[in-house]
Amino acid sequence: MADDAVGRRLDRPGESDPGRGRRLGVDVGSVRVGIALSDPDPILASPLVTLTRDATGDKDVDQLVELVTEHDVVEVVVGLPRTLKDRHGPAAEAALDYADKVAARIAPVPVRLADERLTTVTASRMLSQRGVKGRKLRAVVDQAAAVEILQAWIDAVAAHRARKGDT
């Protein structure tokens, strides 16, 4: 897949917005999947859980599907890791594959792809500044990255609505 093809897969916040309801933010890693959940309005993203990645058996996808149902989620936002040069690599391909698996299982709930450059770095730095280190950091950094992904999406949707006068 060419870099521009991945670029076209990025969704634009505010387009086809499902309106009020909870959203899930997803940070896909090779070992863990961080999950964040918004309030129903949606204004604020909060950490929810870290799932253990199961690339062969998809138990993590099963768990994510259960979370969508349990929390009446109206939209799932999966972070798409891009390089600073706006390219993609194996991590982006893994996120795309993951998003496709989830989308197939939760339709008609939309799965969006959002640019997540540096979210894990930002989350790690913020947690370190708060004194979270070592094993504890690894346990929650994916959730914090998912919060960053989801909050950026929520804020961008709010900005889109404000520009259109739909506050």
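Residues numbered from 1 in each chain as written. Predicted model: local features only at pLDDT ≥ 70, side-chain atom pairs only at ≥ 80, totals over all residues. Heavy atoms only, no water.

Looking at an unreviewed UniProt entry, one finds the protein chain named Putative pre-16S rRNA nuclease, with Amycolatopsis regifaucium as its source organism. According to its UniProt record, the protein chain has this under Subcellular location (unreviewed entry): "Cytoplasm". (UniProt positions renumbered as here; feature names shortened; annotations may be inferred.)

Participant: With reference to specific residues and values, describe the overall build of the protein chain.
Facilitator: Looking only at helices and strands, the protein chain has five helices and five strands in total. When its helices and strands are written in sequence order, the protein chain yields α-β-β-β-α-β-α-β-α-α. The proportion of buried residues among the 167 residues of the protein chain is 42%. The long-range share in the protein chain, meaning contacts at least 24 apart out of those at least 6 apart in sequence, stands at 67%. With the model as given, the accessible surface of the protein chain reaches about 8900 Å², and the carbon-plus-sulfur share is 52%. (Helix = DSSP H or I, 4+ residues; strand = E, 2+ residues; numbered from the N terminus. Buried < 20%, exposed > 50% of the residue type's maximum accessible area, 1.4 Å probe, protein only. Contact = heavy atoms within 4.5 Å. Areas by Shrake-Rupley, 256 points an atom, 1.4 Å probe, with all protein chains shown as cover.)

Participant: Please set out the nonpolar core residue by residue, giving values where relevant.
Facilitator: In this structure, L24, V26, L64 and V76 are the most contacted members of the largest nonpolar core, which totals 26 residues. For this core, the secondary-structure elements that each account for two or more residues are β1 (22-28), β2 (32-38), α2 (59-70), β4 (73-80), α3 (90-106) and β5 (111-115). At seven residues, the largest contribution of residues to this core is made by α3. Residue contacts for V76: discarding those within four places in its chain leaves L24, V26, V68, I106, V109, P110, V111 and R112. Listed in part, the eleven residues of the second largest apolar core include V147, I149, I154 and V157. (Core = buried A, V, L, I, M, F, W, Y, C linked by side-chain atoms within 4.5 Å.)

Participant: How would you explain the packing of α2 against α3 if you had to name every residue and give the values?
Facilitator: At their nearest, the axes of α2 and α3 sit 10 Å apart, and the two run at 50 degrees to each other. By the criterion of interaxial angle, the relationship of α2 to α3 is oblique. Here α2 and α3 pass one another in a crossing that is right-handed. On α3, the residues touching D60, V61, D62, L64, V65 and V68 of α2 are Y98, K101, V102, R105 and I106. Of the residues contributing to the contact of α2 with α3, the split by class is seven nonpolar, no polar and four charged. (Axes fitted to C-alpha atoms, helices over the stretch in contact; angles between N-to-C directions. Parallel < 35°, antiparallel > 145°, perpendicular 65-115°, else oblique. Left-handed = near helix turned anticlockwise from the far one by under 90°. Nonpolar A, V, L, I, M, F, W, Y, C, P; charged D, E, K, R; others polar.)

Participant: Got a sec to walk through the sheet that holds β4? Specific residues and values, please.
Facilitator: The five strands are arranged β3-β2-β1-β4-β5 in an open sheet whose pairing can be described as mixed. Looking at strand neighbours, the two that pair on one side only are β3 (45-52) and β5, the edges of this open sheet. In this sheet, adjacent strand axes meet at a mean angle of 25 degrees when their direction is disregarded. Relative to β3, β2 is paired through seven bridges, and the arrangement is antiparallel. Across the sheet, the residue bridging to I35 is V49, located in β3. Where α2 meets the sheet, it contacts β1, β2, β3 and β4, and its direction lies at approximately 150 degrees from that of β3. Packed onto the sheet, α3 meets β1, β2, β4 and β5 and runs at close to 165 degrees relative to β4. (Pairing = 2+ DSSP bridges.)

Participant: Could you give me a rundown of the side chain of R53, with the residues and numbers involved?
Facilitator: Position of R53 relative to the elements: it lies in the loop between β3 and α2. Residue classification places R53 among the buried positions, given a relative accessible area of 19%. Within the structure, R53 has its side chain in polar contact with the backbone oxygen of G29 (distance 2.8 Å). If near-sequence neighbours (up to four positions away) are discounted, R53 is found in contact with V28, G29, S30, V31, R32, V33, D60, A94 and Y98. (Polar contact = N/O pair within 3.5 Å; in protein donor to acceptor, adjacent residues only side chain to side chain.)

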